[in-house]
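An overview of the molecular structure
Spelled out from the first residue to the last, the chains are:
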Amino acid sequence: MASVQWHSRGRKYESEWQGCHLEGSAVEFSDYHPLKAITVTDSKSRRGGRKGSTSSTSSSSSSVALDPLSSMLDGTDPLSLFAAASETPTLPHSISAGELGRKRQEKEEEVGLDFEPWSSKRGEILSRFTTTEKLSINLFMGSDKSKAASPSSAVSEKVRTRLEELDDLEEGSQRELLNLSQQEYVNRIEELNQSLKEAWGSDQKVKALKIVIQCSKLLSDTSVIQFYPSKFVLITDILDTFGGLVYDRILTMCADPHPLPESFSADEVNDTAKETCLNWFFKIASIRELVPRLYVEAALLKCNRFLAKCGIQETLQRLTAMIRGIGDPLVAVYARAYLCRVGMEVAPHLKDSLNKNFFDLLASFRQIHGESVQNQLGLQRVEIPIYLTLYSPAIHWILQCVAYRAPEVLLTEMMDRCKKLGNNALLLNSVMWAFRAEFVATRATDFIGMIKDCDEAGFPKHLLFASLGRSLSCADPPESERLSILNEAWKVITKVRGPRDYINCAEIWVEFTCRHFTKREVNTVLADIIKHMTPDRAFEDAYPQLQSVINKILPYFHDFSVLFSMEKFLPFLDMFQKDSVRVEVCKSIMEVFIRHQQEATRDPVILNALLHICKTMHDSVNALTLDDEKRSLALLINGFIRMVSFGRDFEQQLSFCVEARATFCNLEPVIIHLIHTVNQLAMETRRVMKGNHSRKTAAFVRACAAYSFITIPSLTSIFSRLNLYLLSGQVALANQCLSQADAFLKAAVSILPEVPRTISIEGKQRSSEPFFLEFINNFLSTLLVVPDHPEQGVLYLVRGLLNMVQDYTWEDNSDAKVRVYISALPLLAAMSQESYLYTIPKVDSNETLYGGDPKFIAEINKLCETLIGQVLDHLKTLGRDEGVRRQCGLAFSLFGCLLAHGDLRNNKLNQLAVNLWNLSHKHGFCETRTSVRTLEYIKHQAQLADMSHLSDITARLSLQSRA
């Protein structure tokens, strides 16, 4: 290709801008609009009737093409048909009004989300009730007799064999494992659970029943009494598994000839399923011992649905009565708890059995203090307070089931019955746990009186006040009683000697105090906590509770000036000596501050306290800190910095940023945010002063620039440095600080060689070229308004940038350097215009400095010709097969640049444009749509008065096929 003589096209930006505006057109409301909804009307016609008029109508009144989606419906909306069909369901058989009423009542009494499920209590019980003593277990070993009979065996032989196996349940099929640790015991139970599933899967149903019976027997054993609640949880998991397997098995047998509906009745169950169900209950009835027989039948309670309408209700009443035969009160109470649990799962509407279990519990409550229990505790060396806590999970659960959606009359009766027992601390504790918080709060004074009457030796009163506090944190007592309630509670709490017992109770009452009282009372509570937890560094063992105290205070004190004015708040924070916990507490405080602080603040109390808290978070960062944790901390600190404002006292604001830079130097996102803040501060100064710079204002802006110039080199991210140098240079220009702007831009150019070829993004290595090119394009757009330095050459910043680009080591087979050259051409073309596209007020750009000097224009043209020559040389190297696609893309980009910015009246430039067009279409890689639209644009431009020379080019440009 011949040498090029570049001449920039003269631009009239104002007229071009006017020509870019879209012309508005009036649209009548009756006209069709593409966003207007299409209405499909229901039709009674069938698909076959298509010859007549269509049954779907459009809401548009204009004559438009039929909507393909509505035409496919052919007037029959499938959703409408489905809705119509569902409005008139066909019932398999008629249902009486009484039956419908009963089902409606059962539906209303189903367990809802407001009922705390057993699964949420399971983990807490297992972690709370542990032991170091050795345990024993009777592990079922199985026998050959339990194998499934062959298909050829007669039915009578199969029945006889299974009866023999059932007789063998307790004979020679087990062995006792002694001296097991707690973990070994848990593992054995898990093995039994797995063996149960395997036996069931291999059709060894009797073996599965044997495993369940053996496990149920373990619930009669209280030899290691402290572990009994956890044992109950483990064994009942196996019972639940067995009950589910049996129920699902029978339900599948009911699928012939069609599956049962969800709310089926016993009349719909076939005889085979009923017979199988009865067979299971007959097997259970043959179990000799009471406890395993009771538990296994309770596990299969749901199966009574297959047999009779009232089967579940009758079974619940019978099993409730059977529990009265269990002599050990601890075993009995957990049996009642399990029966209440399956009762709530299967038939929550049957409240009578729940109530009867509770009142039976009251009747047998005196057994707890009986001689046999005392002897057992003496043998195991267990004290009464510890023994009583073993009852808590079972009694809590029973009371929760009884009290769920119970009428207030019943709750009052239950409370009165508890009063009559006397010395009923254990039961009273469970009542306050299980009853509705509103019920307890309304009668808080009565409960305090009952707590006072309890014996301290049997059940500590501070535990009772803790249970009362939990209820009062959810519901409000009468306003006139609140202060007396707090005083009565704190009299007991403050006398608790053990730090752990004290903080467990005090932590609960903090929320009640915050909710109903002022900072004075909260400060008093904090002082008392500090007094109890400081000696012997007791706070080190109570970090979760102390952290909970903070989390309960913060929601009630969104005004941080009030929070930090509490004398004991910061000393309370000083108790968090463990780094990880201290950081979590600081994060909690900052999250609340950022979420609820509505206005920026300059309050010195708030600033000093939060600066200390943020410094604590920052100082926790080390070489092992994860990037996600660093980002989380930086977000919180930046949120704090964003809420600091000293109004028009800009010097004070800058001083704060200087202090923050020194404080948070290890968190790069915070330093970046501070630089942005200072740049924003400089622009705010300019806005407030309305561009009238006094010496003081100019000095302040230069101080902001110095802050940024000193801080940016400390950043490790190369692109953060580049972008901040550019941003700070733009801010300096806007404030007429030309020497500072020049320093920022030269610094950016000087570090371009440091850009690596790859960078890490979210842990993955990515090419840096896209980010590099984006920065260079932004940099080029800024250079239009940057005046040349009087002591430097013409376009020294542009030349410096291009020299760096020339010397940079680009990736192999990369076109990035050439794309930079192409991007520089529009800048140079814009610099040669008489009036620039944009300028900065009170800053003289090169248009003013050179005033269109021919020497300046000649320098621009010469530089453009050099860049075009570099691009053309690169295009020649891409002529081989593997580079032709890239060649086409670059040729088309350069063609577009010449078309937009070059003066194509110049014959050589004109011919070059045609050659580039032909080269870009030579191999068929140019997108046809783009080519067509480009030609249309050129033809449109050729119609303008000063662009008629484009007509000649249009005639010489042709589209070539991909073939």
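Calculation notes
- Residues numbered from 1 in each chain as written.
- Predicted model: local features only at pLDDT ≥ 70, side-chain atom pairs only at ≥ 80, totals over all residues.
- Heavy atoms only, no water.
- UniProt positions renumbered as here; feature names shortened; annotations may be inferred.
- Helix = DSSP H or I, 4+ residues; strand = E, 2+ residues; numbered from the N terminus.
- Expected span 1.5 Å × (residues − 1).
- Buried < 20%, exposed > 50% of the residue type's maximum accessible area, 1.4 Å probe, protein only.
- Arc of directions from axis to C-beta.
- Polar contact = N/O pair within 3.5 Å; in protein donor to acceptor, adjacent residues only side chain to side chain.
- 1 Å grid on protein atoms, 1.4 Å probe; cavity = no way out; pocket = protein on both sides within 12 Å on 5 of 7 lines; lining within 4 Å.
- Points joined across faces, edges and corners; volume = space filled by probe spheres on them.
- Axes fitted to C-alpha atoms, helices over the stretch in contact; angles between N-to-C directions.
- Parallel < 35°, antiparallel > 145°, perpendicular 65-115°, else oblique.
- Contact = heavy atoms within 4.5 Å.
- Nonpolar A, V, L, I, M, F, W, Y, C, P; charged D, E, K, R; others polar.
- Salt bridge = Lys/Arg side-chain N within 4 Å of Asp/Glu carboxyl O.

In the annotation of an unreviewed UniProt entry, the chain is listed under the name VPS35 endosomal protein-sorting factor-like and assigned to Phoxinus phoxinus. Word for word, the UniProt comment on the chain under Sequence similarities (unreviewed entry) is "Belongs to the VPS35L family." Here is the UniProt Subcellular location (unreviewed entry) comment for the chain, exactly as written: "Endosome".

**Thoughts on helix α10 (residues 271-285)**
Residues lying three or four places apart along an α-helix face the same way, a consequence of the helix completing one turn every 3.6 residues. For α10, built from 15 residues, the straight-helix expectation of 21 Å at 1.5 Å per residue is met to within 8% by its first-to-last C-alpha distance of 21 Å. Those residues of α10 that fall on the buried side of the exposure criterion are Ala273, Cys277, Trp280, Phe281, Lys283 and Ile284. End-on, the buried residues of α10 take up no more than an arc of 155°, which puts them together on one face. Residues of α10 that are exposed and angled more than 90 degrees away from the buried face: Asp271, Glu275, Phe282 and Ala285. The backbone nitrogen of Thr272 lies 3.3 Å from a side-chain oxygen of the residue at the head of α10, namely Asn270.

**Remarks on empty space enclosed by the protein**
Scanning all chains against the criterion turns up seven cavities of 30 Å³ or more. Roughly 50 Å³ of volume is contained in the second largest cavity. The wall of the second largest cavity is formed by Leu783, Val786, Pro787, Asp788, Leu795, Tyr796, Leu797, Val798, Met831 and Asn846. Looking at which element gives the most residues to the lining of the second largest cavity, the answer is helix α38 (residues 796-807), with three residues.

**Topic: the packing of helix α33 (residues 668-689) against helix α35 (residues 718-734)**
Axis separation between α33 and α35 bottoms out at 10 Å; the angle between their running directions is 10°. Classified by the angle between their axes, α33 and α35 sit roughly parallel to one another. Contacts between α33 and α35 pair Ile672, Ile675, His676, Asn679, Ala682, Met683 and Arg686 from the former with Ser720, Leu724, Leu727, Ser728, Val731 and Ala734 from the latter. Classifying every residue of the contact of α33 with α35 gives eight nonpolar, four polar and one charged.

**What about the environment of Phe512?**
When you line up the elements, Phe512 lands in helix α24 (residues 499-516). Accessibility expressed as a relative area gives 0% for Phe512, which makes it buried. Residues Phe512 and Gly469, spaced 43 residues apart in sequence, show a C-alpha to C-alpha distance of 7.2 Å. Ignoring any residue separated from it by four or fewer positions in sequence, one finds Phe512 in contact with Leu472, Pro477, Arg482, Ile485, Leu486 and Phe517.

**A word on the pattern of salt bridges**
What the rule picks out here adds up to 31 salt bridges. A salt bridge links Lys121 to Glu116, with the shortest nitrogen-to-oxygen separation between them at 3.3 Å. Given the relative accessible area of 16%, Lys121 is considered buried. Judged by its relative accessible area of 40%, Glu116 is partly exposed. Asp742 is the salt-bridge partner of Lys746, the closest N and O atoms lying 3.6 Å from each other. Taken as a pair, Lys746 and Asp742 lie in helix α36 (residues 738-750) at a separation of four residues, close to a single helical turn.

**Details of unusual backbone geometry**
In terms of backbone geometry, most residues other than glycine have negative phi values and most peptide bonds are trans. Positive phi values are uncommon outside glycine, yet Arg381 reaches one of about 55°. Tracing the backbone shows Arg381 in the loop between α15 (371-380) and α16 (384-389). Of note in the backbone geometry, Asn813 takes a positive phi value of approximately 60° without being a glycine. Among the secondary structure elements, Asn813 is positioned in the loop between α38 and α39 (816-831). On the basis of relative accessibility, which here comes to 68%, the residue Asn813 falls in the exposed class.

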